[in-house]
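Each chain, written out:
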Amino acid sequence: DAGVTQSPTHLIKTRGQQVTLRCSPKSGHDTVSWYQQALGQGPQFIFQYYEEEERQRGNFPDRFSGHQFPNYSSELNVNALWLGDSALYLCASSLAGSTEQFFGPGTRLTVL
Amino acid sequence: QKEVEQDPGPLSVPEGAIVSLNCTYSNSAFQYFMWYRQYSRKGPELLMYTYSSGNKEDGRFTAQVDKSSKYISLFIRDSQPSDSATYLCAMGRMEYGNKLVFGAGTILRVKS
């Protein structure tokens, strides 16, 4: 049973560019949440998708957007990248109504 | 003031020691509490979760929650070098579904 998978593993972009990160949830899970983890910090909640809609959003600007597909996989898009967006981006999956979240290995984004 | 406070450490202990990791929180509305372990450059791994005050034990790990003091702990018995990692506390509210609020994480080093 595959756990949560994310791609790519690493990504290097320059300021002003746009990036798309991808996540496949654990088998049977229908809810995907995205978190940003800066170096030396705990993960911060970006948003959550369920039934292809954004259900909750953390304190992140509109440059951060997402999408969920019918197969429950999800994308995180970040526009107009700046240096402060450099972080580990984590995807977590769960079943609707459950509080247990399972995290993927993350995508490490470096903005130069 | 952060909603969840966690001493970043590092905490260095000899192999076999009992480790105590702690978090305090300010929002009395938090209803469920989790501990995650994160190895370097990996995603967080769920260790323990609990919904109520009191103790919950799983193998060498014991999670303790004191809602009246807004204080949670994770105890690791017979610590091993393989326990060396960052330990993140996280908590949430049922009405906000899967949104987790994390502490900054405590770095633990177990010396052989």
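Residues numbered from 1 in each chain as written. Chains lettered and ligands numbered in written order. Predicted model: local features only at pLDDT ≥ 70, side-chain atom pairs only at ≥ 80, totals over all residues. Heavy atoms only, no water.

Caption draft 1: Up close: the state of the cysteines. Applying the stated criterion across every chain yields a total of two disulfides over all chains. A sulfur-sulfur distance of 1.8 Å marks the disulfide that ties Cys23(A) to Cys91(A). With the S-S dihedral at roughly -55 degrees, the linkage between Cys23(A) and Cys91(A) falls on the left-handed side. Taken as a pair, Cys23(A) in strand β3 (residues 19-24) and Cys91(A) in strand β9 (residues 87-94) lie far apart in primary sequence, 68 residues in all. Paired through a disulfide, Cys23(B) and Cys89(B) show a sulfur-sulfur distance of 2.0 Å. An S-S torsion of about -100 degrees defines the bridge between Cys23(B) and Cys89(B) as left-handed. Within this pair, whereas Cys23(B) is found in strand β3 (residues 19-25), its partner Cys89(B) is found in strand β9 (residues 85-92), the two being separated by 66 residues in sequence. Of the two residues, Cys23(B) and Cys89(B), neither departs from the other in class, the shared state being buried. (Disulfide = S-S within 2.5 Å. Helix = DSSP H or I, 4+ residues; strand = E, 2+ residues; numbered from the N terminus. Buried < 20%, exposed > 50% of the residue type's maximum accessible area, 1.4 Å probe, protein only.)

Caption draft 2: Representation of the nonpolar core. Grouped together as the largest cluster of nonpolar side chains are 25 residues, with contacts concentrated most on Val4(B), Trp35(B), Ile72(B), Leu74(B), Ile76(B), Tyr87(B) and Met91(B). Secondary-structure elements contributing two or more residues to this core are β3, β4 (32-38), β5 (45-50), β7 (61-66), β8 (71-76), β9 and β11 (106-111) of chain B. Ignoring sequence-local partners within four residues, the contact set of Val4(B) consists of Cys23(B), Thr24(B), Tyr25(B), Phe30(B), Cys89(B), Met91(B), Val101(B), Phe102(B) and Gly103(B). In terms of nonpolar packing, the next biggest core, distinct from the first, is built from 20 residues, Tyr49(A), Phe60(A), Tyr89(A) and Leu109(A) among them. (Core = buried A, V, L, I, M, F, W, Y, C linked by side-chain atoms within 4.5 Å. Contact = heavy atoms within 4.5 Å.)

Caption draft 3: Representation of the interface of chain A and chain B within the structure. On the chain B side, the residues contacting the 22 residues of chain A number 22 residues. Carbon and sulfur atoms supply 49% of the area that chain A and chain B bury against each other, a total of about 1,700 Å² over both sides. If you look at where chain A meets chain B, you find zero salt bridges. Looking at the side of chain A that touches chain B, the elements with two or more residues in it are β4 (31-37), β5 (44-50) and β9 of chain A. If one sorts the elements of the side of chain A that touches chain B by residue count, β4(A) sits on top with four residues. (Buried area = accessible area lost by both parts, 1.4 Å probe. Salt bridge = Lys/Arg side-chain N within 4 Å of Asp/Glu carboxyl O.)

Caption draft 4: Here's a closer look at the packing of aromatic side chains. Taken as a whole and judged by the stated rule, the model has twelve aromatic pairs over all chains. Seen from their ring centres, Tyr25(B) and Phe30(B) are 5.9 Å apart, and the 70 degrees between their planes marks the pair as edge-to-face. The residues Tyr25(B) and Phe30(B) share a single accessibility class, namely buried. Taking 5.7 Å as the distance between ring centres and 45 degrees as the angle between the ring planes, the aromatic pair formed by Tyr36(B) and Phe102(B) counts as tilted. Here Phe102(B) lies in strand β10 (residues 101-102) and Tyr36(B) lies in strand β4, a separation of 66 residues in the sequence. What links up through ring pairs into an aromatic cluster is the set Tyr35(A), Phe45(A), Phe103(A), Tyr36(B) and Phe102(B). The residue whose ring lies beneath Lys26(A) is Phe102(A), and the NZ or CZ to ring-centre distance is 5.5 Å. (Phe/Tyr/Trp six-rings, centres within 6.5 Å; stacked < 30°, edge-to-face > 60°. Lys NZ or Arg CZ within 6 Å of the ring centre and 35° of its normal.)

Caption draft 5: Layout of the pattern of salt bridges. All names here are of chain A. Under the counting rule described, the total for this entry stands at seven salt bridges over all chains. One salt bridge in this structure joins Arg22 and Glu75, with 3.4 Å as the shortest N-O distance. Here Arg22, found in strand β3, pairs with Glu75, found in strand β8 (residues 74-78); they are 53 residues apart in sequence, far enough to count as distant.

Caption draft 6: Representation of the pairing of strand β6 (residues 54-58) of chain B within the structure. Residues and elements named next belong to chain B. Relative to β7, β6 runs antiparallel, the two sharing five bridges. Directly across from Asn55, in β7, lies its bridge partner Gln64. Linking two consecutive strands that pair antiparallel, namely β6 and β7, is a turn of two residues; a positive phi of about 65 degrees is found at Gly59 within it. (Pairing = 2+ DSSP bridges.)

Caption draft 7: Broad picture of unusual backbone geometry. In this structure, Pro8(A) follows Ser7(A) across a cis peptide bond, with omega equal to -5 degrees. For Pro8(A), the location among the structural elements is in the loop between β1 (5-7) and β2 (10-13). Put simply, Gly9(B) and Pro10(B) share a cis peptide bond, and its omega is 10 degrees. With respect to the secondary-structure elements, Pro10(B) resides in the loop between β1 (4-5) and β2 (11-14). Positive phi, normally seen in glycine, also occurs at Ala80(A), with a value near 50 degrees. On the secondary structure map, Ala80(A) appears in the loop between β8 and β9. Ala80(A) gets classed as partly exposed once you look at its relative accessible area, which sits at 43%. Residues other than glycine seldom take positive phi values, yet Lys70(B) does so here, at roughly 55 degrees. Along the polypeptide, Lys70(B) turns up in the loop between β7 and β8.

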